[in-house]
Amino acid sequence: MRENNIVSKILTTLMVIECVIIAILVLVNVNVYTSSNYSYQDEDYLFSLLKGEEYSNLASAAFTNEYAGVRLTGDMEELHEVGKYTHAASLYRVYAATGDIEKADEYRDRMEDAYDEMGIYSSVVKDINNKLGITDFDM
């Protein structure tokens, strides 16, 4: 009977330790979750990037928003397409320069797709192409 009492105390102590560990882990997870708030790039910010001709930052913001599942409102979708065009045009330029025609054609198709979805912002294509040194893609 004495042995049962000792085993019971040991098991009770282990359960208390496990409960404390679980409580600490829950608190850490809650802290991490609440401190990792994502501030998405809104339409005004995206437009300011476009206006400032910061096309690579626009591409980055578009992909970040897409990854975060941001719901696109207003002109955000068209602004995202400008970012996607910039990304595709950059890679098109790289693959065309290295002679990888298959990959260059793939990114040229992506450029065309993004251009078709840009709406009123398609006027920046010439500027993007000039900055990237693309001379064989006129829309």
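Above this text you will find the structure in question.
Since we're looking at a predicted model, the values are computed, not measured. (Residues numbered from 1 in each chain as written. Predicted model: local features only at pLDDT ≥ 70, side-chain atom pairs only at ≥ 80, totals over all residues. Heavy atoms only, no water.)

A. Structural context of the overall build of the protein chain. Scanning the protein chain from terminus to terminus reveals six helices and zero strands. Counting from the amino terminus, helix and strand elements in the protein chain follow one another as α-α-α-α-α-α. Looking at the protein chain as a whole, 24% of its 139 residues are labelled buried. Summarising the internal contacts of the protein chain: among those between residues at least 6 apart in sequence, 68% fall at separations of at least 24. (Helix = DSSP H or I, 4+ residues; strand = E, 2+ residues; numbered from the N terminus. Buried < 20%, exposed > 50% of the residue type's maximum accessible area, 1.4 Å probe, protein only. Contact = heavy atoms within 4.5 Å.)

B. How the structure looks around the pattern of salt bridges. Scanning all chains against the criterion turns up six salt bridges. Ionic pairing is found between Lys-103 and Glu-106, a salt bridge with its closest N-O pair at 3.8 Å. You can see Lys-103 and its partner Glu-106 sitting in helix α5 (residues 101-117), three residues apart, about one turn around the helix. Look at Lys-103 and you get partly exposed, because its relative accessible area is 31%. For Glu-106, a relative accessible area of 29% translates into the label partly exposed. (Salt bridge = Lys/Arg side-chain N within 4 Å of Asp/Glu carboxyl O.)

C. Main features of a negative patch on the surface. On the surface, Glu-77, Asp-100, Glu-102, Asp-105, Asp-109, Asp-113, Asp-116 and Glu-117 cluster together to form a negatively charged patch. Here the negative patch gets six residues from one element, more than from any other, and that element is α5. Looking at the element boundaries, Glu-77 is found in helix α4 (residues 76-98). The exposure class assigned to Glu-77 is partly exposed, which follows from its relative accessible area of 45%. (Patch = residues over 30% accessible without salt bridge, like charges linked within 9 Å, V, L, I, M, F, W, Y side chains within 5 Å. Areas by Shrake-Rupley, 256 points an atom, 1.4 Å probe, with all protein chains shown as cover. Lys, Arg positive; Asp, Glu negative; His and termini not counted. Charge placed at Lys NZ, Arg CZ, Asp CG, Glu CD.)

D. Here's a closer look at the environment of Asp-100. The residue Asp-100 is located in the loop between α4 and α5 in this model. Among the polar contacts listed, one links the side chain of Asp-100 to the backbone nitrogen of Lys-103, at a separation of 3.3 Å. (Polar contact = N/O pair within 3.5 Å; in protein donor to acceptor, adjacent residues only side chain to side chain.)

E. Structural view of the packing of α4 against helix α6 (residues 125-132). Direction vectors running N to C along α4 and α6 enclose 30 degrees, while the axes themselves pass 10 Å from each other. When the axis of α4 is compared with that of α6, the two are roughly parallel. Crossing of α4 over α6 shows right-handed handedness. From α4, Val-82, Tyr-85, Thr-86, Ala-89, Ser-90 and Arg-93 reach across to α6, where they touch Val-125, Ile-128, Asn-129 and Leu-132. Its residues assigned to classes, the contact of α4 with α6 shows six nonpolar, three polar and one charged. (Axes fitted to C-alpha atoms, helices over the stretch in contact; angles between N-to-C directions. Parallel < 35°, antiparallel > 145°, perpendicular 65-115°, else oblique. Left-handed = near helix turned anticlockwise from the far one by under 90°. Nonpolar A, V, L, I, M, F, W, Y, C, P; charged D, E, K, R; others polar.)

F. Main features of α6. For α6, the full list of buried residues reads Val-125, Ile-128 and Asn-129. Across the axial projection of α6, the buried residues extend over an arc of 95 degrees, all falling on one side. Exposed residues on α6 whose side chains face more than 90 degrees from its buried face are Lys-126 and Asn-130. On its buried face, α6 is in contact with α3 (55-68), α4 and α5. At the exit of α6 stands Gly-133, carrying a positive phi of roughly 75 degrees. (Arc of directions from axis to C-beta.)

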